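What the coordinates show
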Amino acid sequence: FIYKNPFGIKSENSRKTYINWIIKDYVKGFKAKELMVFAKIIADDRINPQIKREILFWKNCLSDELMRSITTDFIFERYQKVKLFKKQELEDFISERVSLKPVTIHKCAIDYIALTEKIGFFSSNNEICQFNFYRPYIESVIFLVFYLLNSQKTPLQIIKAEDFKYLLISENELIKALKEIQSKGLISFAISGDVIRMDPKIEFEAVADALEY
């Protein structure tokens, strides 16, 4: 990427910055098999771009502590309750968690809003962000479920996993999604009180094919 420069980025320092960002956000944290499946999904033209956006955002939250905190402790909580927030509230939330200059905090807030607005979380108008009725694609949920199954998480750990909050999915919504995934023949799922059974019916390596149009 740095020396062959496939995208024609003029500055070598810029190319190094880009590749370090890509490695930090999208490569580190994955085991080899996980990275191969993730890369296949992102590169596959037959997979809906919105699914890719949702999965990339999930990976952003895994990689970036501040983005993860904003999403789970600020956005998810308000989505479940108040359905809107002021941009200044988000800036105040960020300033409580990181020691940055006000101009940098403002940029963090604006960049986060621009990214998540593109995904479909909410629509912003002047100083107010109003949540949309947002539901991630079931294919995005399928990827997360199989990623967690491949990571040897127990069914209870999967139900409780923070990963789904990154896409604004509550536990009750996740259980409905799991039943839908079962109806597609991809998992075997049953829940009765605290007893949960969840078994994959396809290999993790086949997940990308299951997400295609």
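Counting of residues starts from 1 at the beginning of each chain's written sequence and follows it residue by residue. Residues qualify for local features only when their pLDDT is at least 70, as the model is predicted, and side-chain atom pairs are given and counted only at 80 or more; totals for whole chains, interfaces and linings, by contrast, use all residues. Each side-chain value is worked out from all heavy atoms of the structure, with water and hydrogens disregarded.

**Things to note about the side chain of aspartate 44**
Helix and strand labels come from DSSP, where a helix needs a run of H or I of at least four residues and a strand needs a run of E of at least two; each type is numbered from the N terminus. Inspection of the secondary structure assignment puts aspartate 44 in the loop between α2 (32-43) and α3 (49-63). The buried label goes to any residue with under 20% of its type's maximum accessible area, the exposed label to any with over 50%, and the partly exposed label to all in between, with areas taken from a 1.4 Å probe on protein chains only. Accessibility expressed as a relative area gives 8% for aspartate 44, which makes it buried. The contact criterion used throughout is that any non-hydrogen atoms of two residues lie within 4.5 Å. Sequence-distant contacts of aspartate 44, that is, excluding residues within four places in its chain, are made with Lys52 and Glu212.

**So, the pairing of strand β2 (residues 122-125)**
Where β2 lies against strand β3 (residues 128-131), 4 bridges are found, and the strand directions are antiparallel. Within β3, the residue paired with serine 124 across the bridge is cysteine 129. Hairpin connection, β2 to β3: the antiparallel pair is bridged by 2 residues, and asparagine 126 has positive phi, about 55 degrees. A pair of strands is treated as paired once DSSP finds two or more bridges between them.

**Some details on the nonpolar core**
One broad trend across soluble globular proteins is that nonpolar side chains are buried collectively. Judged by nonpolar contacts, the single largest core of 64 residues is most densely connected at Ile75, Phe143 and Phe164. Tallying contributions element by element places helix α7 (residues 138-150) first for this core, with 10 residues. Ignoring sequence-local partners within four residues, the contact set of phenylalanine 143 consists of Val37, Ile41, Ile55, Trp58, Val207 and Leu211. Definition of nonpolar core: a set of buried residues of the types Ala, Val, Leu, Ile, Met, Phe, Trp, Tyr and Cys, connected through side-chain atoms within 4.5 Å.

**What about the packing of α3 against helix α6 (residues 102-119)?**
Across the interface, α3 lies against α6 with an axial gap of 10 Å and an inter-helix angle of 145 degrees. Classified by chirality, the crossing of α6 by α3 is left-handed. Within the contact between the two elements, α3 uses Gln50, Arg53, Glu54, Phe57 and Asn60 and α6 uses Tyr112, Leu115, Thr116, Lys118 and Ile119. Think of it as three bins: nonpolar holds Ala, Val, Leu, Ile, Met, Phe, Trp, Tyr, Cys and Pro, charged holds Asp, Glu, Lys and Arg, and polar takes everything else, Gly as well. Its residues placed into classes, the contact of α3 with α6 shows 4 nonpolar, 3 polar and 3 charged. Throughout, an axis means a line fitted to C-alpha atoms (over the contacting stretch in the case of helices), and angles, computed between N-to-C directions, take values from 0 to 180 degrees. Handedness of each helix crossing follows the sense of rotation of the near helix against the far helix: counterclockwise by less than a right angle gives left-handed, clockwise gives right-handed.

**Quick look at α2**
Helix span, expected: 1.5 Å multiplied by one less than the number of residues in the helix. In a regular helix each residue adds 1.5 Å, so 12 residues correspond to 16 Å; α2 covers 16 Å between its end C-alpha atoms and thus fits that length. Those residues of α2 that sit buried are Glu34, Val37, Phe38 and Ile41. All buried residues of α2 project into a common sector of 95 degrees when viewed along the axis, lining one side. In α2, the exposed positions that point more than 90 degrees away from the buried face belong to Ala32, Met36 and Ala43. Next to the buried residues of α2 lie α1 (12-27), α3, α7 and α10 (207-210). Note: the arc covers the axis-to-C-beta directions of the helix.

**Here's the deal with the packing of aromatic side chains**
Only centres within 6.5 Å qualify two rings of Phe, Tyr or Trp (six-membered ring in Trp) as a pair; their planes then separate them into stacked at under 30 degrees, edge-to-face at over 60, and tilted for everything else. Applying the stated criterion across every chain yields a total of 18 aromatic pairs. On the numbers, 4.9 Å between centres and 75 degrees between planes, the contact of tryptophan 58 with tyrosine 147 is edge-to-face. Taken together, the residues tryptophan 58 in helix α3 and tyrosine 147 in helix α7 connect sequence positions 89 residues apart. You'll find tryptophan 58 and tyrosine 147 in the same group, each marked buried. Taken together through their ring pairs, the aromatic side chains of Trp21, Tyr26, Phe30, Phe38, Trp58, Phe143 and Tyr147 make up a single cluster. The aromatic ring of phenylalanine 30 is capped on one face by lysine 59, whose charged end is 4.9 Å from the ring centroid. Over a ring means this: the NZ of a Lys or the CZ of an Arg is within 6 Å of the ring centre and within 35 degrees of the ring normal.

**A short note on the pairing of β3**
A one-sided burial pattern is seen for β3, the buried positions being Cys129 and Phe131 and the unburied ones Ile128 and Gln130. As paired elements, strand β1 (residues 84-86) and β3 share 3 bridges and run antiparallel to each other. The residue bridging phenylalanine 85 from the neighbouring strand is cysteine 129, located in β3.

**Details of the packing of α7 against helix α9 (residues 171-183)**
When two helices pack together, their arrangement is given by the angle between the helix axes and the distance between those axes. At a minimum axis distance of 10 Å, the contact between α7 and α9 shows a crossing angle of 90 degrees. Regarding the angle of α7 to α9, the classification is roughly perpendicular. For the pair α7 and α9, contact is made by Ile138, Val141, Ile142 and Val145 and by Leu174, Ala177, Leu178, Glu180 and Ile181, respectively. Classifying every residue of the contact of α7 with α9 by side-chain character gives 8 nonpolar, no polar and 1 charged. Working definition: roughly parallel below 35 degrees, roughly antiparallel above 145 degrees, roughly perpendicular at 65 to 115 degrees, and oblique for all remaining angles.

**Some remarks on the pattern of salt bridges**
For this document, the term salt bridge refers to a Lys or Arg side-chain nitrogen within 4 Å of an Asp or Glu carboxyl oxygen. Applying the stated rule across the entire model yields 12 salt bridges. Here glutamate 205 and lysine 33 are joined by a salt bridge, their closest N and O atoms 3.6 Å apart. In this pair, glutamate 205 is assigned in the loop between β5 (195-200) and α10 and lysine 33 in helix α2, connecting sequence segments 172 residues apart. A relative accessible area of 40% places glutamate 205 in the partly exposed class. Shared partners join several salt bridges into a network, and the residues in it are Asp44, Arg46 and Glu212.

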